[in-house]
Amino acid sequence: MPKFYLLFGLVICHFCSVNAQLLTTYPYFPRDNSTLIITVDCSKGNRGLFNYTDSVYVHVGVILGSNPTPWDSVKFTWATANPLAKATYLGNNKFRYVINNIRAFFNVPANVPIRKVAILFRDAAGNLVQRNSDGSDMYIQVYDATQAVKFVQPWDEPRFVPIPEPVQKNPGDILDINFQSNNFATLKLFYNGTRLDSIPSDTALHYSLIIPAAGPQQLIGIATNASGTFSDTVNFFIAPPVTVVALPPGVRDGINYEQGDTSVILVLQAPLKTRVSVVGDFNNWTESVSSQMNKTPDGQRFWIRIKGLTPGAEYAYQYLVDNSIRIADPYTQKVLDPVNDPFIPISVYPGLKPYPTGKTSGIVSILQTAEPSFSWQVNNFVRPDKRNLLIYELLLRDFIADHDWKTLKDTVAYIKRMGINAIELMPFNEFEGNISWGYNPSFYFAPDKYYGTKTRLKEFIDECHKQGIAVIMDIALNHSFGQSPMVQLYFSNGRPDSTNPWFNPYPRHAFNVGYDMNHQSLATRSFTSRVVEHWLQEYKIDGFRFDLSKGFTQVNTCDNFGNNCNVGQWGSYDSSRVAIWKRYYDTVQQKSPGAYVILEHFADNSEEIVLSDYGMMLWGNVNGPFSDATKGVATANVDGALFTVRGWSKPHLIGYMESHDEERITYRSLQEGLSSGGYNIRDLNTALRRDEMSASFLLLMPGPKMVWQFGETGYDFSINRCQDGSVNNNCRLDPKPIKWDYLQQFSRKRLYEVYAALLKLRNHPLYKDAFVSNRVSQQLNTGVKWLKIITDTSNLMVIGNFDITSVTTQISFPGSGTWYDYLTGQTFSATGGAQSITLQAGEYHVYLNRNVTSVVTPVGNIPVRDRNFSLHVQPNPVAGSATINFEIPQTGPVSISLINVAGEKVATLFSGVLPAGSKTIYPSFYINGLLTSGIYFIRLQTGTGYRIQKVIIK
């Protein structure tokens with residue numbers, strides 16, 4: 001026992017005598033039965049515990065195979081404060097942990113070789129973790145009796161494959177060298193090819209080297225004994241003094257391509273940093289004097305001109321900052337990710353450049369001179385009126401199985417047929433991982449490769465514009481995570497430090513995720529301006545939906561550590577936040593006049609009114625009330641989607657029943673729906689009919705509206721569905737089933753048709769003004785709900801019974817006369833005063849004061865492909881008269897109408913009761929002499945279905 005204490009004391013003295021490294025171990029060559037003493041310096045690596053002085057615990061395991069994962073024989077449970085896992089604080093950011101007999105400690109069988117010890121140091125909760133500088137786990141090699149050598153100084157960073165720690169020295173400084181052998185041997189030391197020293201028989205060679213000059217350096221240690229000759233090599237770089245030179249005229253942060261396509265100027269904003277070098281394909285990833293960047297006189301930026309590039313070739317590169325931080329360019333438009341790229345199918349991203357394995361680590365950026373330009377086919381797209389924007393929100397990952405822009409482009413026709421005029425895409429700039437909602441952004445200028453190439457993205461946007469559909473980009477500019485180079489540049493103690501130009505050390509508000517951006521910082525404002533400019537001009541994006549816009553504030557509603565946040569105070573009127581958003585709105589308009597700015601705000605109504613009046617649109621979430629109403633809570637009040645109810649002067653409220661963030665309405669109806677007698681909302685067909693009713697109210701309220709993907713077919717999988725089919729809150733972000741087969745089900749196909757009919761009405765020339773009107777009255781908090789909209793000529797009224805029993809009530813139409821049920825073609829005679837009306841449970845009507853016809857399949861209809869239900873017109877084109885042949889499946893009322901392209905019924909060609917079977921009529925198309933030539937539609941309607949035939953009248 002005394003012998004151990006003496007050894008331990010000598011070890012402590014040894015550690016005191018040398019400069020610190022990230023992970024120091026004793027002995028230098030631990031065996032599987034060794035006592036292993038491990039000391040970590042939290043001022044190095046990722047600085048996850050920098051200046052942390054509370055209790056620190058280890059997470060330890062062993063590696064038994066040749067891969068870094070999985071850890072075996074993990075000793076302690078994460079996020080627990082097991083006293084056996086507690087490290088000893090040594091002061092000055094250092095902690096020590098001792099493992100007595102590695103094999104016994106981890107209980108590894110005697111016949112199983114131990115390759116490495118894996119270790120992390122963390123706080124009790126596991127929120128602050130000390131790792132390598134690239135965020136990887138730390139490893140300590142376990143040796144056997146076989147001869148081994150290594151440089152103990154200069155030090156390695158303990159990655160799975162160790163790499164040298166940066167040598168922070170200048171010419172003329174002394175570098176202490178410690179070369180070790182686990183057995184006695186003749187030891188030799190070489191520096192840049194010249195022998196420095198030799199010892200005939202020893203286990204250690206120490207040398208103090210005076211560094212003669214800047215540039216690449218190499219140390220080689222050689223050990224020779226009876227076992228053979230063994231060596232270790234360390235390559236490092238000694239930097240010359242940094243050159244201070246102003247930026248060349250006209251360059252900006254990021255990549256600046258020069259005329260001639262053989263050179264580029266790279267600019268990195270990095271105030272308070274000492275020096276930066278660029279390493280990449282163009283210099284074989286080796287730091288040199290010529291790779292060091294110039295520093296601007298104000299100390300804010302570093303820049304360099306790279307010459308001799310091949311036009312059109314892709315070059316990977318990184319910035320090496322202060323010889324310790326290796327990052328990709330924040331402004332790059334493409335990255336290579338060694339962890340996630342291998343899982344991207346070639347069909348989605350063909351020809352992806354290979355990662356420079358063995359030359360660097362972490363994410364790398366790409367530059368490419370003479371990149372092929374994209375030929376836009378639509379250069380004069382007119383954006384839809386934002387007051388009548390009809391948005392389809394989708395997550396590409398869960399919308400189409402191939403999750404790529406090419407397939408989505410082929411799907412635009414489906415969205416167009418529904419009457420949608422804008423697609424809002426959940427975040428698709430480069431995010432962490434592949435299987436994500438995208439709200440963990442890492443690189444803001446690069447499309448995520450998991451969805452395909454930038455060219456295919458542009459092709460998709462171009463196709464949308466051909467179809468008259470705007471494209472809106474959902475973007476999270478309120479936070480980033482650890483892969484962001486702007487986070488990494490100024491990071492310590494597990495968070496951005498106080499010198500970070502873009503991020504707050506602690507969040508200023510509730511519900512923050514990741515690291516909170518400071519939007520009063522000039523650096524953040526400049527960066528945000530560049531981001532919106534990039535997508536608006538390079539990709540012709542039509543606008544943005546800004547995630548958690550209420551978080552764009554520096555008003556601190558939390559304590560000084562980002563905890564104990566006051567949610568109510570955060571949501572109250574914030575004049576500084578209003579100023580931030582007015583400034584950003586002006587920036588967007590400057591970059592692309594008329595571009596949309598949509599805020600996920602949910603702040604006090606007084607603040608939202610100011611932002612709405614300024615021109616911004618804001619999300620209006622009515623998921624809760626509409627979910628309740630649809631599942632049978634008759635008194636649920638759904639008027640929150642009306643901008644007039646909120647006292648807004650402009651129809652800039654985007655009402656929606658579902659978004660990516662809410663539980664699906666049909667799922668709730670099927671799980672929680674009420675019943676009465678034979679009426680049961682948990683029946684799928686009944687639930688879908690009530691979906692129709694809710695959609696009729698929401699989509700016909702004035703102002704822009706939004707539909708979540710597959711909501712138009714009654715998506716009934718929970719937002720919290722796990723991939724194994726269970727439902728759990730932890731599975732919210734999991735991939736969800738893609739349900740295009742819904743369209744093969746009659747009730748779901750009809751729901752799609754109802755959506756399409758309602759959206760078509762919003763763009764009808766006779767009614768489109770109604771949906772930007774403030775001449776609205778409503779009763780939306782009772783069982784029978786109604787909505788009235790009045791214009792100078794065209795009025796509409798929506799009536800629906802959200803109760804689960806029949807209700808008789810009094811209804812007053814906006815005017816007397818004949819009203820037309822838009823979805824059935826039936827009529828109603830209104831007196832203009834209060835009238836008694838009986839509605840069955842779930843019954844609803846959309847009444848118009850003009851005879852505008854829809855094409856919705858009646859309830860109870862047979863499938864449209866039934867061979868006993870047909871319609872044919874001959875000849876076609878028609879000149880004066882034609883023959884109409886049709887077949888009906890059963891006896892009943894039949895009407896045949898002529899409809900113009902505006903959806904108006906021009907004439908009734910036949911009306912009466914007919915027996916089942918084949919029929920023929922010979923109508924004249926000289927109708928009152930008023931029919932002009934053009935495209936029309938023949939509509940055959942029976943009690944069980946309909947058929948449509950397009951005709952051209954000469």
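S.K.: Could you clarify how one ought to interpret the overall build of the protein in this entry?
M.R.: Across its full length, the protein carries 14 helices and 53 strands. Principal axes of the C-alpha set define a box for the protein whose edges measure 115 × 65 × 55 Å. Buried positions account for 56% of the 954 residues belonging to the protein. Residue pairs at least 24 apart in sequence account for 69% of intrachain contacts in the protein once pairs closer than 6 positions are excluded. Total accessible area computed for the protein in this model is approximately 38,000 Å², and 50% of it derives from carbon and sulfur atoms. The centroid of the 84 positive side-chain charges in the protein is displaced by 2 Å from the centroid of its 80 negative side-chain charges.

S.K.: Where do I start with the nonpolar core in this structure?
M.R.: Soluble, globular proteins show a tendency: their nonpolar side chains are buried together. Leu 266, Tyr 319 and Phe 460 are the most contacted members of the largest nonpolar core, which has 142 residues in total. The dominant element in this core, judged by the number of residues it contributes, is helix 14 (residues 746–762), at 8 residues. Contact partners of Leu 266, with chain neighbours within four places excluded, come to Gly 254, Ile 255, Val 278, Met 293, Phe 302, Trp 303, Ile 304, Ile 306, Tyr 317, Tyr 319 and Leu 367.

S.K.: Explain the pairing of strand 9 (residues 149–153) to me, please; I cannot follow it from the model alone.
M.R.: A large share of strand 9 lies buried, amounting to 4 of its 5 residues. Here 4 bridges tie strand 9 to strand 12 (residues 174–191), and the two strands are oriented antiparallel to one another. Its bridge partner being in strand 12, Phe 151 is matched across the sheet by Phe 179.

S.K.: So what exactly am I meant to see when it comes to unusual backbone geometry here?
M.R.: Outside of glycine, negative phi angles account for most residues, and trans bonds account for most peptide bonds. A cis amide bond links Gln 153 to the next residue, Pro 154, at an omega of 0°. The topology assignment puts Pro 154 in the loop between strand 9 and strand 10 (156–157). Residue Gln 874 is joined to Pro 875 through a cis peptide bond whose omega torsion reads -15°. Of note, Asn 323 is a non-glycine position whose phi angle comes to about 60°, a positive value. Its place among the elements puts Asn 323 in the loop between strand 21 (314–321) and strand 22 (325–327). The phi dihedral of His 403 is positive, around 40°, even though this residue is not glycine. With respect to the helices and strands, the residue His 403 is situated in the loop between helix 3 (396–399) and helix 4 (405–417). His 403 gets classed as buried once you look at its relative accessible area, which sits at 8%.

S.K.: For this particular structure, what's the right way to read the side chain of Asp 639?
M.R.: Along the polypeptide, Asp 639 turns up in the loop between helix 11 (623–631) and strand 35 (653–656). No salt bridge is formed by the buried Asp 639. Its closest oppositely charged neighbour is Arg 646, at 7.5 Å. Beyond its immediate chain neighbours, meaning those up to four positions away, Asp 639 contacts Val 645 and Leu 780.

S.K.: It is not clear to me how the packing of aromatic side chains should be interpreted in this structure. Could you clarify?
M.R.: To describe a pair of aromatic rings, you give the distance between the ring centres and the angle between the ring planes. By the definition in use, this model includes 49 aromatic pairs. Seen from their ring centres, Phe 491 and Tyr 515 are 5.6 Å apart, and the 75° between their planes marks the pair as edge-to-face. Taken together, the residues Phe 491 in strand 29 (residues 491–492) and Tyr 515 in strand 31 (residues 515–516) connect sequence positions 24 residues apart. The exposure classification of Phe 491 matches that of Tyr 515, with both residues buried. Relative to Phe 828, the ring of Phe 813 has its centre 4.8 Å away and its plane inclined at 20°; by these criteria the two rings are stacked. Here Phe 813, found in the loop between strand 42 (807–812) and strand 43 (817–821), pairs with Phe 828, found in strand 44 (residues 827–830); they are 15 residues apart in sequence, far enough to count as distant. The pair formed by Phe 813 and Phe 828 is uniform in burial state, with each residue classed as buried. The structure contains a cluster of three or more aromatic residues connected by ring pairs, namely Tyr 392, Phe 399, Tyr 414, Phe 710, Tyr 715, Phe 717, Trp 740, Tyr 742 and Tyr 752. The residue whose ring lies beneath Lys 458 is Tyr 539, and the NZ or CZ to ring-centre distance is 5.1 Å. The ring of Trp 570 has Lys 550 lying over it, and the distance from NZ or CZ to the ring centre is 4.2 Å.

S.K.: Looking at this structure, how should I read the layout of surface pockets?
M.R.: Rolled over the atoms, a probe with the dimensions of a water molecule shows which regions are left empty. Taken as a whole, the second largest pocket encloses approximately 850 Å³ of empty space. Forming the walls of the second largest pocket are 36 residues, and the residues nearest its centre are Tyr 257, Gln 333, Glu 371, Lys 454 and Glu 538. Elements represented by at least two residues in the lining of the second largest pocket include exactly strand 16 (254–257), strand 24 (364–368), helix 5 (454–466) and helix 7 (522–538). Among the elements that line the lining of the second largest pocket, the one with the most residues is helix 7, at 5 residues. Residue composition of the lining of the second largest pocket, by class: 12 nonpolar, 12 polar and 12 charged.

S.K.: Explain the sheet that holds strand 44 to me, please; I cannot follow it from the model alone.
M.R.: Across a sheet, strands are paired by hydrogen bonds formed along the backbone, either parallel or antiparallel in direction. Read across the open sheet, the 6 strands follow the order 39-40-41-46-43-44; overall the sheet is antiparallel. Of all the strands in the sheet, just strand 39 (776–779) and strand 44 have a single pairing partner and so form its edges. In this sheet, neighbouring strand axes are inclined to one another by 20° on average, regardless of whether the strands run parallel or antiparallel. As paired elements, strand 41 (residues 796–801) and strand 46 (residues 844–848) share 5 bridges and run antiparallel to each other. Considered in strand 46, the bridge of Met 797 is made with Tyr 847.

About the criteria used
- Residues numbered from 1 in each chain as written.
- Predicted model: local features only at pLDDT ≥ 70, side-chain atom pairs only at ≥ 80, totals over all residues.
- Heavy atoms only, no water.
- Helix = DSSP H or I, 4+ residues; strand = E, 2+ residues; numbered from the N terminus.
- Buried < 20%, exposed > 50% of the residue type's maximum accessible area, 1.4 Å probe, protein only.
- Contact = heavy atoms within 4.5 Å.
- Areas by Shrake-Rupley, 256 points an atom, 1.4 Å probe, with all protein chains shown as cover.
- Lys, Arg positive; Asp, Glu negative; His and termini not counted.
- Charge placed at Lys NZ, Arg CZ, Asp CG, Glu CD.
- Core = buried A, V, L, I, M, F, W, Y, C linked by side-chain atoms within 4.5 Å.
- Pairing = 2+ DSSP bridges.
- Salt bridge = Lys/Arg side-chain N within 4 Å of Asp/Glu carboxyl O.
- Phe/Tyr/Trp six-rings, centres within 6.5 Å; stacked < 30°, edge-to-face > 60°.
- Lys NZ or Arg CZ within 6 Å of the ring centre and 35° of its normal.
- 1 Å grid on protein atoms, 1.4 Å probe; cavity = no way out; pocket = protein on both sides within 12 Å on 5 of 7 lines; lining within 4 Å.
- Points joined across faces, edges and corners; volume = space filled by probe spheres on them.
- Nonpolar A, V, L, I, M, F, W, Y, C, P; charged D, E, K, R; others polar.
- Axes fitted to C-alpha atoms, helices over the stretch in contact; angles between N-to-C directions.

Such coordinate-based values are descriptive only and should not be taken to indicate function.
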